[in-house]
Amino acid sequence: MKLSDIGEFGLIERFAPLFKHLIPEGLEGIGDDCAIIPINAEESLVITTDLLVEDVHFLKEHILPRELGWKSLAVSLSDIASMGATPVGSFLSIALPENIPVAWTDEFFNGYHDLSSKESTPLLGGDTTKSPDKIVVNVTVVGKILNKYIKRRSGAKPGDLIAVTGYLGDSAAGLKLILLDMAKEGVSSALARSHHMPVPHIKEGKWLSSLAEVHAMMDVSDGISSDLDHIMKASNCHAEVWLEKLPVSDHLTKVSLENGWDIYSLATGGGEDYVLLLTIDKNMEQEIKNEFFKLFGKELYIIGEVKEGLPCVDWMLNDEKVDLCKGFNHFG
Ligand SMILES: [Mg+2]
């Protein structure tokens, strides 16, 4: 049996149980966007870590070092946002080939600094080392949150509505355009920017976490087809998603029509949008949507409903069930 036979989640399922008995009461480990370590009865630290490997997560010739620096921090900050927490600081470990120009590393750190200052998240430590060939970046972010506000994947309840805080599919379309060398200007370069410089929804996450009517939350990193599956498994509920309600940008619609791409596959399976995916109490839909719009000047998009039943997702298009391919799976 090879790693590709079991995939990323099969691998996690093999080793995670080994460590379960070592986790003391009150601590929460593998299984959510962040681990949770209580500081006292009121507050907890949340911690997440993400790895970016050259030729797996990025192609050096297609991404500017400044963009890569930004993105390396953004993907971890997005996990902090998904718990509803406030970032405290980051740790960066980076392995670099020795022939890399110093100008490249300067620009990488400029990009990392751009987002650090935007989100008031200082770099607190890390490690640097030589790599034989490829660039490897690992970022850990620590956040802080009041215990009563922590949102988990396991909180969804039958009857909840499913919502997202932004467009889906732009990042995946951006990547396609980058790989086709078509991301030079206008709409195409804007989509490429969504892929290279995602903006984590930290303020949105903090506000949503303060609402008791928000039940479950995570960020969209692998595509909602995979990510929503995680919420349903953790919450032991069933989801119905209405494809015609998915928020897709005019940019995505335009390039998909021009190139004959399936918008729904990009919006559900593409991943790396780093918006928040959440479930809310149906009775509070209008209040939450109105307040969200007032605070953030954009819509909270309702895309489906949580139901009782098997922990998986039904994809509906104008009330008819349709088949969709799955989200991104490392080693798969
Ligand atoms: Mg995540």
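Not measured: the values here are computed from a predicted model.

**What to know about the sheet that holds strand E1 (residues 35-38)**
Consideration 1: Across the sheet, 5 strands lie side by side as E1-E2-E5-E3-E4; this open sheet has mixed pairing. Of all strands in the sheet, those bounded by a partner on one side alone are E1 and strand E4 (123-130). Put simply, the sheet's adjacent strands are angled 15° from each other on average, direction ignored.
Consideration 2: Here helix H3 (residues 102-118) sits on the sheet in contact with strand E3 (86-96), E4 and strand E5 (136-146), set at roughly 165° to E3.

**Re the pattern of salt bridges**
Consideration 1: Across all of its chains, the model carries 18 salt bridges by this definition.
Consideration 2: A network of salt bridges, in which partner residues are shared, links Asp32, Asp33 and Arg153.

**Quick notes on the side chain of Glu240**
Consideration 1: Tracing the chain through its elements places Glu240 in strand E8 (residues 238-242).
Consideration 2: Judged by relative accessible area, which is 17%, Glu240 ranks as buried.
Consideration 3: Among the polar contacts listed, one links the side chain of Glu240 to the side chain of Trp242, at a separation of 3.3 Å.
Consideration 4: Those residues within four positions of Glu240 in sequence are excluded, and the remaining contacts are Ile162, Ile303, Gly304, Glu305, Lys307, Asp314 and Met316.

**Description of the nonpolar core**
Side chains of nonpolar character tend, in soluble globular proteins, to be buried together.
Consideration 1: By size, the foremost hydrophobic cluster in this structure holds 47 residues, and its most contacted members are Val137, Leu208 and Leu278.
Consideration 2: Of the residues that make up this core, three or more belong to each of domain 1 (3-149) and domain 2 (153-322).
Consideration 3: Leave out the neighbours within four places in its chain, and Leu208 touches Lys151, Thr165, Val214, Met217, Leu276, Leu278, Ile288 and Phe292.
Consideration 4: Of all hydrophobic cores here, the second largest spans 24 residues; its members include Ile231, Leu246, Ala267 and Leu277.

**A word on the coordination of the magnesium ion**
Around a metal, the ideal angle is 109.5 degrees if four donors adopt a tetrahedral arrangement and 90 or 180 degrees if six donors adopt an octahedral arrangement.
Consideration 1: Protein-derived coordination of the magnesium ion comes from Asp33 (OD), Asp79 (OD) and Asp219 (OD), at a distance range of 2.0 to 2.1 Å.
Consideration 2: Residue Asp219 is classed as buried on the basis of its relative accessible area of 1%.

**Quick notes on the packing of aromatic side chains**
Consideration 1: Here the structure, examined in full by the defined rule, presents 7 aromatic pairs.
Consideration 2: Ring centres of Phe108 and Phe109 lie 5.3 Å apart, and the angle between their planes is 80°; on these two criteria the pair is classed as edge-to-face.
Consideration 3: A relative accessible area of 33% places Phe109 in the partly exposed class.
Consideration 4: By way of ring pairs, the aromatic residues Trp104, Phe108, Phe109 and Tyr112 are connected into one cluster.
Consideration 5: Its guanidinium or amino end placed over the ring of Trp261, Lys176 lies 5.0 Å from that ring's centre, counting from NZ or CZ.

**Some thoughts on the packing of helix H2 (residues 65-83) against H3**
Helix-helix packing is characterised by the crossing angle of the two axes and by the distance between the axes.
Consideration 1: Orientation of H2 relative to H3, taken along the N-to-C sense of each, is 40°, at an axis distance of 6 Å. By the angle between their directions, the pair H2 and H3 is classed as oblique. The hand of the H2/H3 crossing is right-handed. Residues Pro65, Arg66, Leu68, Gly69, Trp70, Ser72, Leu73, Ala74 and Leu77 of H2 pack against Trp104, Glu107, Phe108, Asn110, Gly111, Tyr112, Asp114, Leu115, Ser116 and Lys118 of H3.

Parameters and conventions
Residues numbered from 1 in each chain as written. Predicted model: local features only at pLDDT ≥ 70, side-chain atom pairs only at ≥ 80, totals over all residues. Heavy atoms only, no water. Pairing = 2+ DSSP bridges. Helix = DSSP H or I, 4+ residues; strand = E, 2+ residues; numbered from the N terminus. Axes fitted to C-alpha atoms, helices over the stretch in contact; angles between N-to-C directions. Contact = heavy atoms within 4.5 Å. Salt bridge = Lys/Arg side-chain N within 4 Å of Asp/Glu carboxyl O. Buried < 20%, exposed > 50% of the residue type's maximum accessible area, 1.4 Å probe, protein only. Polar contact = N/O pair within 3.5 Å; in protein donor to acceptor, adjacent residues only side chain to side chain. Core = buried A, V, L, I, M, F, W, Y, C linked by side-chain atoms within 4.5 Å. Domains from an automatic or database assignment. Donors = N, O, S within 2.8 Å, 3.2 Å for Na, K, Ca; no water. Phe/Tyr/Trp six-rings, centres within 6.5 Å; stacked < 30°, edge-to-face > 60°. Lys NZ or Arg CZ within 6 Å of the ring centre and 35° of its normal. Parallel < 35°, antiparallel > 145°, perpendicular 65-115°, else oblique. Left-handed = near helix turned anticlockwise from the far one by under 90°.

Any functional reading would require information beyond the geometric quantities listed.
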